[in-house]
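Survey of secondary and tertiary structure
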Amino acid sequence: MTQEKVIRLTVLYTDAGCIERVVAVFRKLLIDVNWIWGRRIDSHYEMYVSVKDHQNLKLALLNLSKTVGVESVELLLDAKVKRYVYTNGKFEKVAEESPANESINIGFRQFVVYIPVYTRIAGYRWGEKYGENI
Amino acid sequence: MKGADLTAKTLKELNVKIIFGIPGLSNMTLYDTLVDYVKSGEMRLILMRHEQGAAHAADGYARALGKPGVCTATSGPGALNLVTGLATAYWDSSPVVAITGQVPRASIGKMSFQEADIPGVVQNIVKFVIQIRNVGDIPIWLYNAFHIAVEGRPGPVVVDIPRDIFSEKVVNGDIRFGREAIKGFRRFPIYADPILIKKAVEILVNAERPLILVGSGAVTSMATDEIVTLADMLIAPIVSTLLGKSAVPNDYPLYIGMMGYYGRAEANTAFLESDVVLVVGARLSDRTVTSYKDIVDSRKKFIVINIDPTDVERLPINVDVALIGDAKAILRKLIDSLMSIGVKFERSNWIRRIYEFKDYYSHFYYVDEDGVGLKPWRALKTIRGVLPRDAIVTTGVGQHQMWCGVFWEALEPRTFITSGGMGTMGFGLPAAIGAKVAQPNRVVVDLDGDGSFLMTMNNLSTAVDEHIPIIVVLFDNRTLGLVRQVQDLFFGGRVISVDFGSTIDYIKIAEGLGALGFDAQTYEDLVVAIKRSMRENMPSVVRIPIKRDELSLPTLPPGGSLREMILHDPRKGD
């Protein structure tokens, strides 16, 4: 996962299409998505998206930053993704080299979460930059 | 009050006077409500013959007027037919608002009759789409739609309304009115402080071969006076993109022409030889700058004015100064700054060189009077000579469009309307209808190709019924000329699936639809036909014969650089 990039977005929740709109930006620029985590909080949707590093990534972030409904888009710099597996009522950190959580967990009481740990952000919001440069 | 009444009332508040569209099951309640508005003369509903035409007409209206054009369609096939027109508007930054009917909420997602997931279909080809879920939300989303359509880089917005909402009774207390801030949508920032302006001016002052490149943003901003003033002050020639042609009068002495893939050779050469380029409202698309390597190699400096900062950020070239904001306002700052310096420029060598380019390349353009058909350049010059200065021209897409790009003289802002980014055949005629409705006192001419015309010509019947006197000049070469040209030149002459038969009679088609039809076999015929069309004030089709293998030149080989321009017919050898 050394080429992994994690993006945090805050999106206006009009309907579930707000998630499609975000993902489509990556699809249109041929960027693969590794995982998505999101939740709705009243009228907003908070999303974390992990993508493979790609030559079009900057363009995707720029396009997202001017997509109607997207309030902010932030690239988490130096993001290290920690993997945890929730099994039998408790979380366990999974070693990076472990294949334990790389299978589809059908039939198991197991839930894999990815937690990005980062130091800085590069943010865009309708043409305004904040944090560091992408 | 029902949802349809609330929709109509809000549209009236938004000053909507024209709606292009076709009624059907899912927008019928809205049409029913609008009967009263039509009877009182507050609104006009224009029945198009296909929804694609409705979207293009709204687009033409918007581009001619600078205000949103509105179209409507019923659910399913009706709304789906809008799609090409909406994408066309998006690619060319045109503010269109589409109101689509949808099946009732209880039927959505169940493969109901005439159901299509319009938000899902259009969300990647419009600026924004919203499906109304509550009747009380109609006003706020219509207000938002019009705001989003025009703010920043303009674009199309779709409001999808289930038909049970049109019929639902509105409880006043539930209505969300207003212009409350739209979450997730902001005005772009303005970055044009005195330091940036000073830096830009320094670069312009020190330039030896400055050039101004104007795009559609300059037209949207109505920055003609500022561009011309700045060009005069700097003694800087001007080139344009296809969509930027009407940003400056094309007979202005410092205007060289459209640059790009099918651009004028002298415009491309001037771009390549310049040392500083001031880009005004152009995004430097792959149609204008076909190879960024040309830019990198030349080490020229770039000052870019754009309303959208991300458009500058995404450029794969080094931008020396990015000025973000409305083109007109920023150009005014540059002019004021230059005036305060009071520098007089001596650039006679550069201007002389520009005129040498013009003279040299004109030998390639104005030739080949072989007696077969009319020559596009001469036909366009003839038409220009007959039309008033403020006449609006639309085009389809194909060779005729490229001939217009090279040879048509647009003389006033918003008078050259064409599908640039999407290259949508069939755009010209319905866009002309929209433009004529927007500017009824102007002459509006669709300079079209036969291939393009055939795609949306059914809308000529709308022009007849609605008394919208547009003139279609048909460059009839009985082929899909631009595709044929590429097959002929770059696919070893393996011409296939492009030629039409000789049986189509465009005069009879025009007359059959209730319009006037003229067959102009000579340039004199052309003058007579257009003058008569203007005098009769009726929709007209003027067909002019063009040689089937006539080429659009200059051109480039596929994927080629501006340095590889093909100037004369390569089939004839050197």
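Just so we're clear, the structure is a prediction, and the values are computed from it rather than from any experiment.

This part is about unusual backbone geometry. All names here are of chain B. Here the amide bond leading from Leu553 into Pro554 is cis, since omega sits at 0 degrees, within 30 degrees of zero. Of note, Pro554 is situated in the segment after β18 (540-545). Residues other than glycine seldom take positive phi values, yet Ser93 does so here, at roughly 55 degrees. On the neighbour-count criterion, Ser93 (26 C-beta atoms within 10 Å) is buried.

On to the interface of chain B and chain A, then. If you look at the interface, chain B gives 21 residues, while chain A gives 21 residues. Going through the elements one at a time, α6 (118-122), β5 (128-131) and α14 (309-313) of chain B are the ones with two or more residues in the side of chain B that touches chain A. Of the residues in the side of chain B that touches chain A, the class split is nine nonpolar, six polar and six charged.

Okay, the sheet that holds strand β14 (residues 416-417) of chain B next. Residues and elements named next belong to chain B. Here six strands make up an open sheet; going across it, the order is β14-β13-β15-β16-β18-β17 and the pairing parallel. Every other strand in the sheet has two partners, leaving β14 and β17 (516-519) as the edge strands with one partner each. As paired elements, strand β15 (residues 444-449) and strand β16 (residues 471-476) share five bridges and run parallel to each other. Residue Gly449 lies in a different strand from β16, and its bridge partner there is Phe475.

Before going further, it helps to examine helix α12 (residues 265-273) of chain B. Residues and elements named next belong to chain B. Counted residue by residue, α12 has seven buried out of nine residues, so it is predominantly covered. Buried within α12 are the following residues: Ala265, Glu266, Ala267, Asn268, Thr269, Ala270 and Phe271. Buried positions along α12 lie against β7 (210-214), β8 (238-240), β9 (255-258), β10 (276-280) and α16 (348-365).

A word on the sheet that holds strand β11 (residues 301-306) of chain B. All names here are of chain B. Strand order across the open sheet formed by six strands is β9-β8-β7-β10-β11-β12, with parallel pairing between neighbours. Single-partner strands in this sheet number two, and they are β9 and β12 (321-324). For this sheet, the mean inter-axis angle between neighbouring strands, taken without regard to orientation, is 15 degrees. In this sheet, β12 lies alongside β11 in parallel orientation, the contact comprising four bridges. Bridging from a neighbouring strand, Val304 pairs with Ala322 of β12.

Turning to the domain arrangement of chain B, a few remarks are in order. Residues and elements named next belong to chain B. On domain assignment, one finds that chain B holds domain 1 (3-174), domain 2 (194-358) and domain 3 (366-572). Distance between the C-alpha centres of domain 1 and domain 3: 31 Å. Between domain 1 and domain 3, the residue contacts involve 25 residues of the former and 26 residues of the latter. Listed by contribution, the elements that provide at least two residues to the side of domain 1 that touches domain 3 are β1 (18-21), β2 (44-47), α3 (51-65) and α5 (83-91).

What counts as what
- Residues numbered from 1 in each chain as written.
- Chains lettered and ligands numbered in written order.
- Predicted model: local features only at pLDDT ≥ 70, side-chain atom pairs only at ≥ 80, totals over all residues.
- Helix = DSSP H or I, 4+ residues; strand = E, 2+ residues; numbered from the N terminus.
- Buried ≥ 20, exposed ≤ 12 C-beta atoms within 10 Å, placed from the backbone.
- Contact = placed C-beta atoms within 7 Å.
- Nonpolar A, V, L, I, M, F, W, Y, C, P; charged D, E, K, R; others polar.
- Pairing = 2+ DSSP bridges.
- Axes fitted to C-alpha atoms, helices over the stretch in contact; angles between N-to-C directions.
- Domains from an automatic or database assignment.

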